[in-house]
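Descriptive analysis of the structure
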Amino acid sequence: MTESGSKLRIFKILKIIISSLLITVLLLFTIAAIRTLSLDVNAGLQLAHWEKTNNKSLVIDHHQREELLANFKEAIRIPTVSFSNTESNTTALLEFDRFLRKAFPTVFSSSLVHHELVGNYSHLFWVKGSQPELVPYMLLAHIDVVPASESDGWEAPPFSAKEIDGFIYGRGTIDDKNSLMGILQALEYLLLKGYAPRRGFYIGLGHDEEINGLNGAMNIVRVLKQRGVQLLFVMDEGLTISDGIIPGLEGPAALIGLSEKGQAAVKLSVSVAPGHASMPPRETSIGILATAVKRLEDNPMPRLFGYGPEGDTFEHLAHKFSFPLKFIMSNLWLFSPLLSRILERKPVSNAFVRTTTAVTFFNAGVKINVIPSLAEAYVNLRIHSAQSVEEVLDIIKDTVGDQRVKVELVDGFDPLPISGADEKAFGFQIIKKTVLDLFPTVTVAPGICIGNTDSRHFVDLTKNIYRFSPAWFKPGDPERFHGINERISTKNYEEMIVFYFNLIQNCDIRKLPEPHSSVHEL
Ligand SMILES: CC/C=C\C/C=C\C/C=C\C/C=C\C/C=C\C/C=C\CCC(=O)O
Ligand SMILES: N[C@@H](Cc1ccccc1)C(=O)O
Ligand SMILES: [Zn+2]
Ligand SMILES: [Zn+2]
């Protein structure tokens with residue numbers, strides 16, 4: 001073959017490659033465009049078709065406002081702190097019990113409500129329904145809070161419940177005394193108005209959620225199991241209404257947690273022979289361990305965005321993004337690698353992208369002139385829905401890549417199962433309707449809860465666990481969670497009461513409306 005002939009062939013091959021690449025790209029974009037346009041915005045539910053119920057409405061007057069705010073502030077002032085796995089403020093927990101009975105006299109005296117203490121400080125309420133054939137549901141919240149010290153930079157003392165510019169400051173104002181007090185205050189008002197539910201429900205208030213719920217939530221579950229209870233759904237704290245937090249999203253979004261991340265506590269340890277500091281070995285246990293920790297921080301777990309339910313979040317929200325973003329959000333199958341790289345830049349959105357790795361303890365050394373025989377570190381991993389404890393442990397061992405570093409799993413659990421979010425998912429649809437009635441401008445979407453909640457202990461009682469509370473989060477607010485200046489606006493706290501007041505009544509429908517034959521709005 002001549003030189004020009006072979007050039008021609010190469011040119012032809014190149015042409016074929018380029019045009020097939022172009023066709024592929026064109027095809028991908030056409031599919032993406034069709035998906036963008038055919039997005040089912042309302043996921044099938046037409047509010048007008050809901051069974052008619054005569055819901056009572058809650059109009060809060062001046063006197064009630066003073067009373068409900070005084071109750072909430074008193075709850076914040078009781079320092080129900082869980083300090084460590086073994087240490088709680090039991091004096092405060094006892095005081096909280098007395099306070100609840102005083103603040104909600106109707107709840108504690110109504111013949112419709114059965115109350116009991118579980119695990120000494122946790123509370124279980126059963127509110128009897130008039131129609132026992134309707135499967136009950138359960139609302140959860142927790143009494144305990146994480147520690148807080150004013151010297152970290154609080155604008156008001158963390159157990160003062162001081163009001164500044166319409167916000168109440170204090171530990172527990174968003175985690176989780178807002179839900180706890182909101183639920184009980186709503187029930188108090190419902191009972192005072194003569195309400196009697198058709199569908200019975202439970203309320204569970206754990207006292208040790210921040211230290212794993214071993215005595216609170218787990219004992220509540222044990223009691224319910226003994227009684228053969230099955231639940232239609234469980235609703236607990238978790239995701240919130242976020243406004244201006246998701247990059248590029250126009251308007252507020254209520255994310256309802258269908259699942260929560262798994263968790264692993266991993267211990268790294270290096271053990272060597274001790275010796276005199278005057279003749280050190282080339283590497284000490286501390287140096288070896290420090291290298292291992294650095295490797296873990298330098299090599300984050302793989303991006304898995306789009307492989308778990310977080311993909312659904314964006315598909316539901318896609319229509320609320322402006323055009324180029326709308327196109328990207330409705331086609332995560334194509335763009336998730338790109339979106340992952342944007343989301344991983346901030347700690348809060350990075351948590352949705354991957355299993356996170358946090359080194360939380362590092363201990364070694366006994367004396368200035370002794371080569372330490374032992375160095376230990378603990379790593380807290382929050383596991384993405386598309387991974388398991390075992391997979392994460394294997395990756396850690398590979399990344400550390402040093403036989404001298406012992407890697408042990410202390411405890412852990414896999415990511416939680418994914419609850420339903422379709423037209424037939426009672427809990428999801430009730431929460432969605434209640435949010436939309438109260439906040440018509442909010443877009444409701446399924447999400448994944450990045451923290452762990454007491455609800456994870458309820459998997460044997462129901463397949464449908466939702467993690468949501470109608471607290472409004474604006475930029476800067478996620479950092480208040482376990483951080484400084486935790487606060488809620490008085491307006492938002494009132495909205496929370498109204499939300500639970502309506503939610504309880506909405507649960508009285510016997511069944512959800514028939515799904516609309518899913519009409520796609522083209
Ligand atoms: C893909 C997501 C992109 C951006 C982030 C969007 C929304 C996130 C909004 C709020 C998340 C912030 C705080 C919630 C974190 C954990 C709370 C969950 C459980 C708390 C359990 C507890 O500590 O008691
Ligand atoms: N709510 C806690 C639950 C927890 C307690 C103790 C250890 C780890 C986790 C969290 O997600 O952080
Ligand atoms: Zn909490
Ligand atoms: Zn917490």
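It should be emphasised that the depicted structure is a prediction, and the values quoted were computed from it without experimental measurement.

Glancing now at the sheet that holds strand 7 (residues 167-169). Overall, antiparallel pairing links the three strands, which are arranged 6-7-19 in an open sheet. Each edge of the open sheet is held by one strand with a lone partner, namely strand 6 (163-164) and strand 19 (487-489). Both strand 6 and strand 7 contribute to a ladder of two bridges, which runs antiparallel. In the sheet register, I164 faces strand 7, and the bridge partner there is F167. Seen against the sheet, helix 14 (residues 490-506) touches strand 6, strand 7 and strand 19 and runs at an angle of roughly 75° to strand 19.

Right, let's talk about the coordination of the zinc ion (ligand 4) for a bit. For the zinc ion (ligand 4), the full set of protein donor atoms is D175 (OD), E210 (OE) and H482 (NE2), and the range of their distances to it is 1.9 to 2.0 Å. Each donor residue of the zinc ion (ligand 4) lies on the same chain, and together they follow the pattern D-x34-E-x271-H. A separation of 3.5 Å is found between the zinc ion (ligand 4) and the zinc ion (ligand 3), which are bridged by D175. Taken as a pair, E210 in the loop between strand 8 (201-206) and helix 6 (217-226) and H482 in the loop between strand 18 (465-473) and strand 19 lie far apart in primary sequence, 272 residues in all. Residue classification places H482 among the partly exposed residues on the basis of a relative accessible area of 41%.

Let us now look at the coordination of the zinc ion (ligand 3). As a benchmark, a tetrahedral metal site with four donors has ideal angles of 109.5 degrees, while an octahedral site with six donors has ideal angles of 90 or 180 degrees. On the protein side, the zinc ion (ligand 3) has H142 (NE2), D175 (OD), E237 (OE) and E237 (OE) as donor atoms, found 1.9 to 2.5 Å from it. Between consecutive donor residues of the zinc ion (ligand 3), the sequence gaps follow H-x32-D-x61-E. Take H142: its relative accessible area is 1%, and that puts it in the buried class.

For the rest of this paragraph, the subject is the UniProt feature "active site" (unreviewed entry) in the protein. As annotated in UniProt, the feature "active site" (unreviewed entry) corresponds to D144 and E209 in the numbering used here. Across 66 residues, the annotated set stays spatially compact, with a maximum C-alpha separation of 6.7 Å. As for its position among the elements, D144 is in the loop between strand 5 (137-142) and strand 6. Setting aside its immediate chain neighbours within four residues, D144 contacts T80, S82, D175, G206, H207, D208, E209, E210 and I211. A distance of 2.7 Å separates a polar atom in the side chain of D144 from a polar atom in the side chain of S82. By secondary structure assignment, the location of E209 is in the loop between strand 8 and helix 6. Sequence-distant contacts of E209, that is, excluding residues within four places in its chain, are made with H142, D144, E237, N452, T453 and D454. Polar side-chain contacts of E209 include one of 3.4 Å to the side chain of H142.

A separate point is the sheet that holds strand 13 (residues 356-364). Pairing is antiparallel in the open sheet, where four strands are placed in the order 13-15-11-16. Of all the strands in the sheet, just strand 13 and strand 16 (405-413) have a single pairing partner and so form its edges. Direction aside, neighbouring strands of the sheet carry axes that sit 20° apart on average. Each of strand 11 (262-271), strand 15 (374-383) and strand 16 touches helix 12 (residues 389-400); the most contacted strand, strand 16, lies at about 160° to it.

Here is what the cut-offs are and how they apply
Residue numbering note: each chain is counted from 1, following its sequence as written. For naming, the first written chain is A and the first written ligand is 1, with later ones following in the order written. Given that this is a predicted model, residues contribute local features only at a pLDDT of at least 70 and side-chain atom pairs are listed and counted only at 80 or more, while totals for whole chains, interfaces and linings are drawn from all residues. Hydrogen atoms and water are omitted, and side-chain values are computed over all heavy atoms in the structure. What makes two strands pair is DSSP finding at least two bridges between them. Comment: elements are numbered from the N terminus, with helices defined as DSSP H or I runs of at least four residues and strands as E runs of at least two. Throughout, a contact is declared for two residues whenever any of their heavy atoms are within 4.5 Å. Simply put, an axis is a line fit to the C-alpha atoms, just over the touching stretch for a helix, and the angle between two N-to-C directions goes from 0 to 180 degrees. Coordination partners: N, O, S within 2.8 Å of the metal, 3.2 Å for Na, K and Ca; water not considered, so apparent gaps in a site are possible. Residue exposure (1.4 Å probe, protein chains only): buried if accessible area is under 20% of the type maximum, exposed if over 50%, otherwise partly exposed. UniProt positions are given in the numbering used here, feature names are shortened, and annotations may be inferred rather than shown by experiment. Pairs of N or O atoms are called polar contacts if they sit within 3.5 Å, as long as, within protein, a hydrogen donor faces a hydrogen acceptor (for residues adjacent in sequence, only side-chain-to-side-chain pairs).

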